[in-house]
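Residue strings, one per chain:
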Amino acid sequence: MKSKTLRLSLMAAVLACCFVLSGCISHWFEDSTTRLQIENRTGADIVEIDIVSEDGSLVRPWIQDTIKDSSVSRVYEEDWVGDFKGRILYTGHRVEKGYFNISLSGGSLYLVFTRNPDGTLHFESR
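Scoring rules and cut-offs
Residues numbered from 1 in each chain as written. Predicted model: local features only at pLDDT ≥ 70, side-chain atom pairs only at ≥ 80, totals over all residues. Heavy atoms only, no water. Phe/Tyr/Trp six-rings, centres within 6.5 Å; stacked < 30°, edge-to-face > 60°. Helix = DSSP H or I, 4+ residues; strand = E, 2+ residues; numbered from the N terminus. Buried < 20%, exposed > 50% of the residue type's maximum accessible area, 1.4 Å probe, protein only. 1 Å grid on protein atoms, 1.4 Å probe; cavity = no way out; pocket = protein on both sides within 12 Å on 5 of 7 lines; lining within 4 Å. Points joined across faces, edges and corners; volume = space filled by probe spheres on them. Nonpolar A, V, L, I, M, F, W, Y, C, P; charged D, E, K, R; others polar.

### Some thoughts on the packing of aromatic side chains
Moving on, step 1. Tallying each qualifying case throughout the model produces five aromatic pairs.
Moving on, step 2. Summarising the aromatic geometry, the rings of F100 and F113 are spaced 5.3 Å apart at their centres and angled 70° between planes, so their arrangement reads as edge-to-face. Of this pair, F100 sits in strand β7 (residues 95-104) while F113 sits in strand β8 (residues 107-115); the two residues are 13 residues apart in sequence, bridging distant segments of the chain. One exposure class covers both F100 and F113, and it is buried.
Moving on, step 3. Pairing F100 with F123 gives two aromatic rings, centres 5.2 Å apart and planes at 65°, and the pair type is edge-to-face. Highlighted residues: F100 in strand β7 and F123 in strand β9 (residues 121-125), separated in sequence by 23 residues.

Written out as structure tokens, the structure is:
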């Protein structure tokens with residue numbers, strides 16, 4: 001009987017270790033991965049979306065695929081959570097840049113980019 005209890009306890013301990021080591025405990029409660037999908041309604045092709053450091057010295061590309069006007073991108077996934085400054089490159093008569101602030105809290109994000117009458121970029125999430 002003692003041997004059976006010991007085996008059961010050992011098995012429970014091994015299973016508990018496997019469960020804990022299978023991922024960070026915070027991932028069970030908060031999704032730290034952000035999945036982004038873009039709908040382009042700007043009247044131009046989007047050629048890149050980047051995340052930019054606060055001082056502008058570091059640019060990390062997120063999406064480097066062309067997203068044609070009036071189309072929807074595939075889903076892009078990164079391990080980013082927090083408040084960021086984004087940069088979007090799009091084609092007009094030349095490649096132009098637009099900047100936006102975005103808060104990423106994990107999970108899925110669907111952004112629709114449009115252009116205001118004055119030519120500035122606008123986005124909203126759905």
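Read on, since the account is not over.
### Quick word on empty space enclosed by the protein
The method is simple in principle: a probe with the dimensions of a water molecule rolls over the atoms, and the space it marks as empty is what remains.
Moving on, step 1. Evaluation of the coordinates by the stated rule reveals one cavity of 30 Å³ or more.
Moving on, step 2. Taken as a whole, the largest cavity encloses approximately 40 Å³ of empty space.
Moving on, step 3. Lining the largest cavity, in full, are L36, I38, I49, I51, W62, F100, I102 and L111.
Moving on, step 4. Breaking the lining of the largest cavity down by element, the ones donating at least two residues are β1 (34-41), β2 (46-52) and β7.
Moving on, step 5. Of the residues that constitute the lining of the largest cavity, the class distribution is eight nonpolar, no polar and no charged.

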